[in-house]
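Reading the structure
Single-letter residue listing:
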Amino acid sequence: MRVSAAGALALLLTACWLLPAQSPSHGAVAARKKTAPPPADPPPVDLRPVAPASERLTFDVEWRLIHAGTVIIESEKARAGMKLESAGLVSSLFKVHDTYSVDFDEPFCATSSLMDSQEGKRHREAKVTYDRAQNRATFLERDVLKDTVVHANEVAIPNCVHDVITAFLQLRTRTVEPGQSVQIPISDGRRSAAVKLEAQDREEVTTPAGAYKAVRYEAYLMNGVIYARKGRAFIWLSDEGRHVPVQIRLRMPFPIGTVTLQLRMEERF
């Protein structure tokens, strides 16, 4: 296995799931500023408090049948976050320590997010400000070591938009039967779209935390919708009131392939 493959895995888990995979050209940014209208607000939803006030979910990351790292996702009343730590062979080739946080208003409307990425010799910080009054999201990425701006962007958003984490917090408040789908407005500060989340089937999933009856969803985030990378994203939510995410899987083209996150521990406070 080459170092570049390990690095691609590490970047995939952050750049593909939480941050954009590629920087758009200045021309593409300008075109979106001129032509892209704000996405329409979704209809009001009756949100049920299925998730606890505070929760910590720990996932094992598997890639090519090896343990590649650990992801911890935490949520509380108005804030959620993620920590990613590489492990084993992947860490020896390309060490990763990433932290991400998002602040939000009810009902899970993002107000700001911050990503701190320490990957190999690189240290980047990316901040998104969601201006609900102006219906704009502003993205700013900095090279911490060089103290320089890497990329800046602005995009139109609806009044209530979600990042990926708050989108799935909202999805957990809904009951979607297989064969049905919902659309949730999502933005990463560079792109904004009404993303389709499709409930596909009921399955039993075995994880380190136990066996779960779950509903498999496909999140149509990739292939230029929110993230430029090609691939497919799936999430399994437990088929009960709290709809706990028990498994997440990204299917990417070669050389990345499939990356799977499985629930190892669930803690409620």
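Description of the structure in this document. (Residues numbered from 1 in each chain as written. Predicted model: local features only at pLDDT ≥ 70, side-chain atom pairs only at ≥ 80, totals over all residues. Heavy atoms only, no water.)

Attention now goes to the overall build of the protein. A count of helices and strands for the protein gives four helices and 14 strands. Counted over contacts in the protein with a minimum sequence separation of 6, partners at least 24 positions apart contribute 48%. (Helix = DSSP H or I, 4+ residues; strand = E, 2+ residues; numbered from the N terminus. Contact = heavy atoms within 4.5 Å.)

This next bit is on the packing of aromatic side chains. If you walk through the whole model with that rule in mind, you get two aromatic pairs. On the numbers, 5.6 Å between centres and 50° between planes, the contact of Phe104 with Phe108 is tilted. According to the relative accessible area criterion, Phe108 is buried, its value standing at 19%. Centre to centre, the rings of Phe234 and Trp236 are 6.4 Å apart; their planes meet at 40°, and the pair counts as tilted. One exposure class covers both Phe234 and Trp236, and it is buried. (Phe/Tyr/Trp six-rings, centres within 6.5 Å; stacked < 30°, edge-to-face > 60°. Buried < 20%, exposed > 50% of the residue type's maximum accessible area, 1.4 Å probe, protein only.)

What follows deals with the state of the cysteines. Following the criterion strictly, the structure yields one disulfide and no others. Between the sulfur atoms of Cys109 and its disulfide partner Cys160 the distance amounts to 2.0 Å. Taking the sign of the S-S torsion, about -90° here, the bridge from Cys109 to Cys160 comes out left-handed. Of this pair, Cys109 sits in strand S5 (residues 109-119) while Cys160 sits in the loop between strand S8 (148-156) and helix H4 (164-171); the two residues are 51 residues apart in sequence, bridging distant segments of the chain. Across the pair, exposure class does not vary: Cys109 and Cys160 are buried alike. (Disulfide = S-S within 2.5 Å.)

With five of its seven residues buried, strand S9 (residues 181-187) lies for the most part within the structure. Of the pairings in the sheet, the one linking S9 to strand S10 (residues 192-207) comprises seven bridges and is antiparallel in character. Looking at the pairing, Ile186 lines up with Ala193 of S10. Where S9 hands over to S10, the hairpin turn is made up of four residues, of which Gly189 adopts a positive phi near 90°. (Pairing = 2+ DSSP bridges.)

Time to look at the pattern of salt bridges. The full count for this structure, using the stated rule, is 21 salt bridges. Note that Arg264 is salt-bridged to Asp60, the shortest N-O span being 2.6 Å. One end of the pair, Arg264, is in strand S14 (residues 258-268); the other, Asp60, is in strand S1 (residues 55-63), and 204 residues separate them in sequence. Judged by relative accessible area, which is 34%, Arg264 ranks as partly exposed. Judged by its relative accessible area of 18%, Asp60 falls in the buried class. (Salt bridge = Lys/Arg side-chain N within 4 Å of Asp/Glu carboxyl O.)

What follows concerns unusual backbone geometry. The peptide bond linking Glu106 to Pro107 adopts the cis configuration, its omega dihedral lying at -5°. With respect to the helices and strands, Pro107 occurs in the loop between strand S4 (96-105) and S5. With phi around 65°, Phe108 is a residue other than glycine that occupies positive phi space. Locating Phe108 in the fold gives a position in the loop between S4 and S5. Phi is positive for Asn223, which is not a glycine, with a value near 60°. Assignment of secondary structure puts Asn223 in the loop between strand S11 (210-219) and strand S12 (232-238).

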